Amino acid sequence: MNFLILTVIKAAVVAFVLLTALAYLQWLERKVLAHIQLRVGPNRVGPHGLLQPLADVVKLITKEDMMPSHVNSFFWFLAPFIAVMFALIPIAVIPFGTELNLPTLDLGPIHLPAIRTAMQLTDLNMGVLFILGISGMGVYAVALAGWSSNNKYSLLGGLRSSAQMISYELPMAMAIATPLLFLNTLSFRGIVDGQAGYFFGFVPKWIIFQGFPFNIISFLLFMVAAFAETNRVPFDLPEAENELVAGFHTEYGSMKFAAFFMAEYCNMVTVSCVATLLYLGGWHPIFPNALGSGFIPAIIFLGFGVISFMHAARPARPFDRITLPVVGVVAFVHAAAFGIGALLVMKPDLAQGSPVLQWVASLANAIMPIVWFTGKVISILFVYIWVRGTLPRFRYDQLMSFAWTFMFPIAVVNLFIVGLYVALFG
Amino acid sequence: MDALLFMIFAAIAVVCGISLVIQKHPISSALSLIGVMAALAALYLLLGGEFIAAAQLIVYAGAIMVLFVFVIMLLNAGTEKRGRRMLANYADLPILLLFLGIVAAFIANRMPPTEQVIFGNFKGGTALDIGRALFTTYLLPFEVTSILILIAILGAIVLARKEID
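These figures come from a predicted structure and were not determined experimentally. (Residues numbered from 1 in each chain as written. Chains lettered and ligands numbered in written order. Predicted model: local features only at pLDDT ≥ 70, side-chain atom pairs only at ≥ 80, totals over all residues.)

Asks: What am I meant to see in the overall build of chain B here?
Replies: Counting its regular elements, chain B contains six helices and zero strands. Element order for chain B, N to C, with α for helix and β for strand: α-α-α-α-α-α. Per-residue burial over chain B gives 18% buried out of 165 residues. Residue pairs at least 24 apart in sequence account for 64% of intrachain contacts in chain B once pairs closer than 6 positions are excluded. (Helix = DSSP H or I, 4+ residues; strand = E, 2+ residues; numbered from the N terminus. Buried ≥ 20, exposed ≤ 12 C-beta atoms within 10 Å, placed from the backbone. Contact = placed C-beta atoms within 7 Å.)

And the structure:
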């Protein structure tokens, strides 16, 4: 298929999925936080509050967009745009899976052309550096928003953000250098390919399982620095609500406020993707496909369906008797689809002679890696939310001394030792 | 395509550079400087120096300019006030034009018009090539520069610290 059309389709799919995921990430966060704090969370709009993101979007768009009279209007308008722009760009270099390689398929009236494309918008030779560079620019949005709002709380938020970003970028870059020393490449696809295979046939060769314990230290350093870079609890001093009202976005409302929110969640997704790619083996399953790792999504859907039917047998509300079996059947259909796909991936000779089965097998070959990748990213995002529900906020001097007197020396020593190790045995 | 991209990014760099000088507010000037640096990064990329482009973005546009902006915000520097310009103040314009003319003439003299810049033709801009060059061929200059920067940092600390009696 035409490269240009394919790229446009891929960009549209990635943008749609990402923006939807951002909206639902917020739902997930509210739900998980609520359960951590023994509350129910959003449950009014749709079942379990599943339509809440939609309602929030409608609310944010239709709100009055006010501009305070005392702001520096040009930079005040510019800041949300910068925030969203530099949050969305890094997604372009992140690979979500191996590649889609569909053969042509003739089904009477339907003719499907052969498609071959990488599950990624673009693969740069220096993808890691690109992400570091672009996400470093995101701080200008916070700094500008704080400064142009022209009040002291916002200004303090912006100042804190810039100081925090500079401080934590250093340990983060040093932590990232450790896996790069092992893998010898800066392209994300090369990084994931370098983590393929298994020790003793079942322990994956992910970076955190290599070079014990230095890569685990590096992973922890990276995650702590990533929390700080994305301004999340316990490092959310730029918007500390008990000190600074709402910090840098105090003066923003309506869609401009939503833009900052979106950028924050998008940065979380980007950082989780980078952590998955660099340390957790990208799309490589946790145990080999030959041992049946491909069946895990099918088993999850199966369990989901069974639980739905169990609850339908003892309905809490009258309409559960109808809705839950429907959910269960949908889950069973998904389980069957994933099961067939996993079987065809595991035993390719089953598809011999049938073009339809071969087409399904090649589709499954492209989708299974994405399932693993997404699963890992969602796990890291869950940790983000978990930490937010658990830890209190740092004080500002603690934040700075933690970066400079604890993380930075550890990162330097860690990098030295790994460099020595790679030079001697690598 | 390459030439078109060069035109676009060169124009951005020049416009941001002019804006840097004529803006009255320090924050606007700092942001214009970021624009210049980002455009330069794009130009490096067009020439095939991908590592330099990324380093430009991370170090200059990302880290150093954040410090600049931080300091400007911290000092809360206000809009620059300019006095009335007398006719004599415009005397710098012809000098500037003369200087630009000399530079242009020099470049036109040195570079014959038949020689063309070929975009992306330069091989050796990857991180691998640069690392190899820095740590083998140019190891001594590299280390000497590092020590120079270290001395500069120490000097800054000595100058800036408070006197302890």
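Asks: Which parts of the structure should I look at to understand unusual backbone geometry?
Replies: Peptide bonds are trans in most cases, and residues, glycine excluded, mostly fall at negative phi. All names here are of chain A. Its identity is not glycine, yet Leu38 carries a phi of approximately 55°, on the positive side. Here Leu38 shows up in the loop between α1 (3–36) and α2 (52–62). Here Leu38 falls in the exposed class, since 6 other C-beta atoms lie within 10 Å of it. The backbone phi angle of Asn150 is positive, close to 60°, even though this residue is not glycine. Of note, Asn150 is situated in the loop between α5 (139–148) and α6 (152–183).

Asks: I keep staring at the interface of chain A and chain B and nothing clicks. Help me out?
Replies: Quoted interface sizes are often the accessible area lost when the parts come together. Taken together, the 20 residues of chain A in the interface contact 17 residues of chain B. At the level of secondary structure, the elements contributing two or more residues to the side of chain A that touches chain B comprise α4 (127–137), α5 and α6 of chain A. At eight residues, the largest contribution of residues to the side of chain A that touches chain B is made by α6(A). For the side of chain A that touches chain B, the per-class residue count stands at 14 nonpolar, five polar and one charged. (Nonpolar A, V, L, I, M, F, W, Y, C, P; charged D, E, K, R; others polar.)

Asks: I tried to follow helix α3 (residues 73–88) of chain A on my own but got confused; where do I start?
Replies: Structurally, the α-helix is built with 3.6 residues per turn, so residues lying three or four positions apart point the same way. Residues and elements named next belong to chain A. For α3, with 16 residues, the first-to-last C-alpha span of 24 Å sits near the 22 Å given by 1.5 Å per residue. Turning to α3, its buried residues number three or more, namely Phe75, Trp76, Ala79, Pro80, Ile82, Ala83, Phe86, Ala87 and Leu88. Of the surrounding elements, those touching the buried residues of α3 are α4, α5 and α10 (254–279). (Expected span 1.5 Å × (residues − 1).)

Asks: So what exactly am I meant to see when it comes to the packing of α6(A) against helix α14 (residues 396–425) of chain A here?
Replies: Helix-helix packing is described using two parameters, namely the angle between the two axes and the distance between the axes. Residues and elements named next belong to chain A. At their nearest, the axes of α6 and α14 sit 9 Å apart, and the two run at 15° to each other. Taken together, the axis directions place α6 and α14 in an arrangement best described as roughly parallel. Our pair here, α6 against α14, has a crossing hand that is left-handed. Counted by class, the contact of α6 with α14 contains 20 nonpolar, five polar and one charged residues. (Axes fitted to C-alpha atoms, helices over the stretch in contact; angles between N-to-C directions. Parallel < 35°, antiparallel > 145°, perpendicular 65-115°, else oblique. Left-handed = near helix turned anticlockwise from the far one by under 90°.)

Asks: Could you clarify how one ought to interpret the domain arrangement of chain B in this entry?
Replies: Parsing chain B into structural domains produces domain 1 (2–125) and domain 2 (126–165). Among the residues making up the side of domain 1 of chain B that touches domain 2 of chain B, the classes are represented as one nonpolar, two polar and one charged. (Domains from an automatic or database assignment.)

Asks: Sorry if this is basic, but what is going on with the confidence of the model for chain B here?
Replies: For residues with low pLDDT, the predicted coordinates do not support detailed interpretation. Across chain B, pLDDT averages 83, with 86% of residues at or above 70. Here the complex is predicted with pTM 0.85, and the ipTM for its interfaces comes to 0.77. (pLDDT = per-residue confidence, 0-100.)

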